[in-house]
Amino acid sequence: MDIKREKLYTDILIIGGGTAGCYAAITIGEKSDKKVMIAEKANIKRSGCLAAGVNALNAYIVKGKTPEDYLEYVKRDANGIIREDLVLTMSERLNGVTRHLEKLGLVILKDEKGDYVTRGDRNIKINGENIKPILAAGVYKHDNIQVLNKVNIVDYIIKDNRVLGAYGFSIENNIFYVIYARGVICATGGAAGIYKPNNPGFSRHKMWYPPFNTGAGYAMGIREGAEMTTFEMRFIALRCKDTIAPTGTIAQGVSAPQINCAGETYDRNYGAPTTANRVYSTVEENRRGRGPCFLRTKGIGKRAEEELLKAYLNMAPAQTLKWLERGAGPSEENVEIEGTEPYIVGGHTGSGYWVDTNRQTTIKGLYAAGDVAGGCPQKYVTGSLAEGEIAAEAVMKYIAAVLQQEVLCEEEENKFREITGYLKNPSGIYTVGQLEEAMQKIMDEYAGGISGSYGYNEVKLAVGKNRIREILKLAYKLHGEDFYDLMKIYELIDRLVVAEAVIAHLEARKETRWHSFQENLDYPGLNDKDYFLYINSVFKDGEIRIIKRPLVDRRQTYEHQN
Amino acid sequence: MSIRINPDLCAGCGNCREVCPGSLLFKEKESNKTYIKYPEECWGCTSCLKECKFEAISYYLGADMGGGGTTMYVKEENKELHWHITRPDGKKKIITIDTTKANSY
Ligand SMILES: Cc1cc2nc3c(=O)[nH]c(=O)nc-3n(C[C@H](O)[C@H](O)[C@H](O)COP(=O)(O)OP(=O)(O)OC[C@H]3O[C@@H](n4cnc5c(N)ncnc54)[C@H](O)[C@@H]3O)c2cc1C
Ligand code: SF4
Ligand code: SF4
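Definitions and limits used
- Residues numbered from 1 in each chain as written.
- Chains lettered and ligands numbered in written order.
- Predicted model: local features only at pLDDT ≥ 70, side-chain atom pairs only at ≥ 80, totals over all residues.
- Heavy atoms only, no water.
- Salt bridge = Lys/Arg side-chain N within 4 Å of Asp/Glu carboxyl O.
- Buried < 20%, exposed > 50% of the residue type's maximum accessible area, 1.4 Å probe, protein only.
- Near = heavy atom within 4 Å.
- Nonpolar A, V, L, I, M, F, W, Y, C, P; charged D, E, K, R; others polar.
- Patch = residues over 30% accessible without salt bridge, like charges linked within 9 Å, V, L, I, M, F, W, Y side chains within 5 Å.
- Areas by Shrake-Rupley, 256 points an atom, 1.4 Å probe, with all protein chains shown as cover.
- Lys, Arg positive; Asp, Glu negative; His and termini not counted.
- Charge placed at Lys NZ, Arg CZ, Asp CG, Glu CD.
- Helix = DSSP H or I, 4+ residues; strand = E, 2+ residues; numbered from the N terminus.
- Pairing = 2+ DSSP bridges.
- Axes fitted to C-alpha atoms, helices over the stretch in contact; angles between N-to-C directions.
- Contact = heavy atoms within 4.5 Å.

Attention now moves to the pattern of salt bridges. Residue and element names in this part refer to chain A. For the structure on display, the rule yields 52 salt bridges over all chains. One salt bridge in this structure joins Asp530 and Lys529, with 3.5 Å as the shortest N-O distance. By relative accessible area, Asp530 is classed as partly exposed at 36%. Salt bridges sharing partners connect three or more residues here, namely Asp155, Arg223, Lys415, Glu418 and Asp494.

Shown next as structure tokens:
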């Protein structure tokens, strides 16, 4: 195979052109003439979480509420384990980025007075079908932003704990890239596909979180010894059965309660109405023989049904198709619900890079924003934009004081050989698909997947850890025919790296802080005395080392200590 | 959950290949037409459908998630999205969405 090699230079490299990445680029494009490069594994027009569209802006400070109110909500929902400095700095920007998004072209519903129409305490109503093309168009307006579509990044270039750029390759043109930058923002999203999914067969990728967000950013950081936080707080979504479409639109839109097979509402029987408890209550009802559970939509009427059919086409079209396929819509049949497999996603829970208040990771010059950044749950779309903006402003300041640096040619050469080595490996017995299935099965059975109602114990985790390491060894021997295969191999390796970190974190929190999300069967109760803190980790000398850190206050500007 | 491309309708423009967030769509060497190489890896996001001006891509539910052969494609005209749904018995339904209006829910 003819492999081309290219070396590129830019001021700021953004890895992942999704929600946070595009917005970070737009921020820099508007505020400076510095050169920005977005490296995106797919195409920024429809890549990442926003591909199909979204239903509402879930994070907005509505009239009469303050950013502090939002912080209090997030804190309650996360049972206290949040970085208040991060949540507050994000919340303060939610409304600004929303107005900006509207200027870029997003349709937001307004009342006669011109105010946004709200849904509940924190949401506003939009037409979110084309939110990603709108962001992409915003990026292309700026001449100083260069977009590399179909370029998969696999590792950072690091010298003395400072980031100098990243290595990647084009999945279409067989080009190996060495990209040097003075500052880097990682915005690769979270990780799906680590656990066995709800639909493990043909429809295996019909999951909630994008199956193409494979935890690359987490894995690249872990490999380089970056500190990570709260991986034990997995996110499990409560979704419509089979299609894994969101339930909030129905629950809030037509006020449909959760009911069990006997038609009884049950969610209030399981403690505070947190995101975790909504899943937990459903899991428990099923475990106690009172499943399946539903959203009670029967009788909502044909007009409401038509609106739901449309709303779902704007964000999760499979659900509309499912209703039409059955010939019975939500006004005639209640909508069955289920919990998904666990995801690692810092935009909903707290998992991700341990960052300072400016979103700089523990690697100098490397910033993180969106689902890949930890400590700040419930960011959703607008919070990811806000973090993109914060990281962009901080990286612009950072690069003003640093010069471009490179590593030795020899180091670049070694990386080239390591990455393209998979093309030379002899083809063996196992394929990426087989090893992925093995990983998902292990995580499901030994690290709290769907089949065990999300619970685990220490003995199971120990078995899981060993098996994940064995699979990782097999993954290093995989053979790829072309650069597309190479991407698939790296996706698997990255997922395995994240899986091992998840297991280490689950093991370290010896209590149960969030039902279902982190259901430690050895320690089923809450232990505030010993665990009202962050579980962080650093990968060093082949082992994941746990660091416990005290909570950070909202008034504090957090800086990393050397 | 996946899509099917009708080779008779595909004009080989390549737009769908560009946007698929999983890069699952490939070009036939001889004809330039598009095919889905890994149907089981489709996320079902409908990005490709929205790019196709030739109604060549149809969307269906896998049998494992309750699919029974109903398909769907979408056409964009004057800021409206027309979703065409065809049931296996040939019955059709069109749902039109005005993209300049927000969701009711
Ligand atoms: C189906 C779904 C529905 C949602 N609905 C709503 C909603 O209605 N309202 C709301 O407020 N929030 C919603 N959210 C949450 C919100 O969309 C996310 O929190 C937010 O978009 C995350 O932004 P991000 O930039 O971190 O990730 P993304 O937007 O996913 O961006 C990550 C990008 O990185 C790229 N990438 C990954 N790995 C690599 C690599 N190795 N090299 C190069 N590029 C890479 C990906 O292709 C992707 O483009 C929803 C999320 C999902 C998944
Ligand atoms: S967009 Fe339609 S016509 Fe163009 S390549 Fe794809 S399937 Fe063929
Ligand atoms: S529906 Fe989405 S994931 Fe499936 S082939 Fe089309 S663009 Fe790709």
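Here the narrative resumes.
Further remarks concern the site of ligand 2. Near ligand 2, the surroundings consist of Ile5, Cys10, Ala11, Gly12, Cys13, Gly14, Cys16, Thr34, Cys52, Phe54, Ala56 and Ile57 of chain B. A per-class count over the shell around ligand 2 returns nine nonpolar, three polar and no charged.

Another point: a negative patch on the surface. Residues and elements named next belong to chain A. A surface patch of like charges, here negative, comprises Glu68, Asp69, Glu92 and Asp121. Note that Asp121 resides in the loop between strand E5 (118-119) and strand E6 (123-128). For Asp121, a relative accessible area of 45% puts it in the partly exposed group.

Bringing unusual backbone geometry into the picture now. All names here are of chain A. The omega angle of the peptide bond from Gly291 to Pro292 is -5 degrees, so this bond is cis rather than trans. Within the fold, Pro292 resides in the loop between helix H8 (275-287) and strand E14 (293-295). In this structure, Gln378 is a non-glycine residue whose phi angle is positive, near 55 degrees. Examined against the element boundaries, Gln378 turns out to sit in the loop between strand E17 (366-368) and helix H11 (380-399).

A few words on the sheet that holds strand E5 (residues 71-77) of chain B. Taken together, five strands build an open sheet; the order of strands is E1-E4-E5-E6-E7 (chain B) and the sheet is antiparallel. The sheet terminates laterally at strand E1 (2-5) and strand E7 (92-98) of chain B, the two strands that pair on one side only. Averaged over all adjacent pairs, the angle separating strand axes in this sheet is 30 degrees, with direction ignored. Sheet analysis places E1 of chain B next to strand E4 (residues 57-60) of chain B, joined by four bridges and oriented antiparallel. Bridged to Ile3 of chain B within E4 of chain B is Tyr59 of chain B. This element, helix H9 (residues 302-313) of chain A, spans E5, strand E6 (80-86) and E7 of chain B of the sheet and lies at about 70 degrees to E7 of chain B. Across the sheet, helix H10 (residues 317-326) of chain A touches E4, E5, E6 and E7 of chain B, and the angle it forms with E4 of chain B is around 70 degrees.

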